[in-house]
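# What the coordinates show
If you want the building blocks of each chain, they are given just below.
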Amino acid sequence: MMSNATSLNSNFSFQGFLPAGRFRAVTLAVWLLLCLNLSACGVKKLPVAPHAVAPDAVTDLQYQKQDNQVVLAWSTLKGSAAGSSGLGGFNIYLAQYPADQMDCASCPLLFRRIGQIGEDGLYENGLPRETFSFSWSISPGYHYAFKVLAVGKDGQLGLESNTVAFDYLTP
């Protein structure tokens, strides 16, 4: 025969709302959610292979205006500067604004990718290229800014190059 205390614990609810088993389950669920919430920062980054080193930044990006085009030029990255997976190419980025809207010198520029040089473009006649160039059509009345990012063979983006910028007001 069961004692009254045992019978009382298994049949009563917590203040009449939940049976004792449900109360324990709800308490455990709330506790787990709280622990998960406190242990996660909420900021996630793209996965990176262990010990992967991104390519360095291109540091000698230059430009030259020719009629209604700009020609960008830069040198290749060699050795450890190409990253741990080796150099896989370059991405070229542009920020373009009407010249009369560039009143804020400290405002961030919004870049978009306008081109790329893939792994095949790293070679010329079967030999590694030392320099690269990229042409882009420009229109009068705009402020232009360009930058280049190296890309590793594993797809990892390198650091941002120096930015070259100019106003193209008249042809």
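Quick caveat: nothing in here was measured; it's all calculated off a predicted structure.

## Re the overall build of the protein
- The number of helices and strands found in the protein is 2 helices and 12 strands.
- Going from the N terminus to the C terminus, the protein shows its helices and strands as α-β-β-α-β-β-β-β-β-β-β-β-β-β.
- A total of 171 residues make up the protein; the buried ones form 27% of that total.
- Of the roughly 11800 Å² of accessible surface on the protein, a fraction of 57% belongs to carbon and sulfur atoms.

## A look at the sheet that holds strand β4 (residues 69–75)
- Spatially, 3 strands are ordered β3-β4-β9 in an open sheet, and the strand pairing comes out antiparallel. Only two strands of the sheet have a single neighbouring strand rather than two, namely β3 (62–66) and β9 (131–137). Averaged over all pairs of adjacent strands, the angle between their axes in this sheet comes to 20°, without regard to strand direction.
- Across 7 bridges, β4 lies against β9 in antiparallel orientation. Residue pairing in the sheet places A73 in a bridge with S133 of β9.

## Some words on the packing of aromatic side chains
- In this structure the tally under the stated criterion is 9 aromatic pairs.
- With centroids separated by 6.4 Å and ring planes inclined at 15°, the aromatic side chains of F134 and W136 adopt a geometry described as stacked.
- The structure contains a cluster of three or more aromatic residues connected by ring pairs, namely Y63, Y142, Y144, F146 and F166.
- One Lys or Arg, K147, reaches over the ring of F111 and ends 4.2 Å from the middle of that ring.

## Description of the pattern of salt bridges
- In total, this model carries 3 salt bridges according to the counting rule given.
- For E119, the salt bridge goes to K153, with nearest N and O atoms at 3.7 Å. In this pair, E119 is assigned in the loop between β6 (112–117) and β7 (123–124) and K153 in the loop between β10 (142–152) and β11 (157–160), connecting sequence segments 34 residues apart.
- A salt bridge links E160 to K147; the shortest N-O distance between them is 3.0 Å. Placement of the pair is E160 in strand β11 and K147 in strand β10, with a sequence separation of 13 residues.

About the criteria used
Residues numbered from 1 in each chain as written. Predicted model: local features only at pLDDT ≥ 70, side-chain atom pairs only at ≥ 80, totals over all residues. Heavy atoms only, no water. Helix = DSSP H or I, 4+ residues; strand = E, 2+ residues; numbered from the N terminus. Buried < 20%, exposed > 50% of the residue type's maximum accessible area, 1.4 Å probe, protein only. Areas by Shrake-Rupley, 256 points an atom, 1.4 Å probe, with all protein chains shown as cover. Pairing = 2+ DSSP bridges. Axes fitted to C-alpha atoms, helices over the stretch in contact; angles between N-to-C directions. Phe/Tyr/Trp six-rings, centres within 6.5 Å; stacked < 30°, edge-to-face > 60°. Lys NZ or Arg CZ within 6 Å of the ring centre and 35° of its normal. Salt bridge = Lys/Arg side-chain N within 4 Å of Asp/Glu carboxyl O.

Any functional reading would require information beyond the geometric quantities listed.
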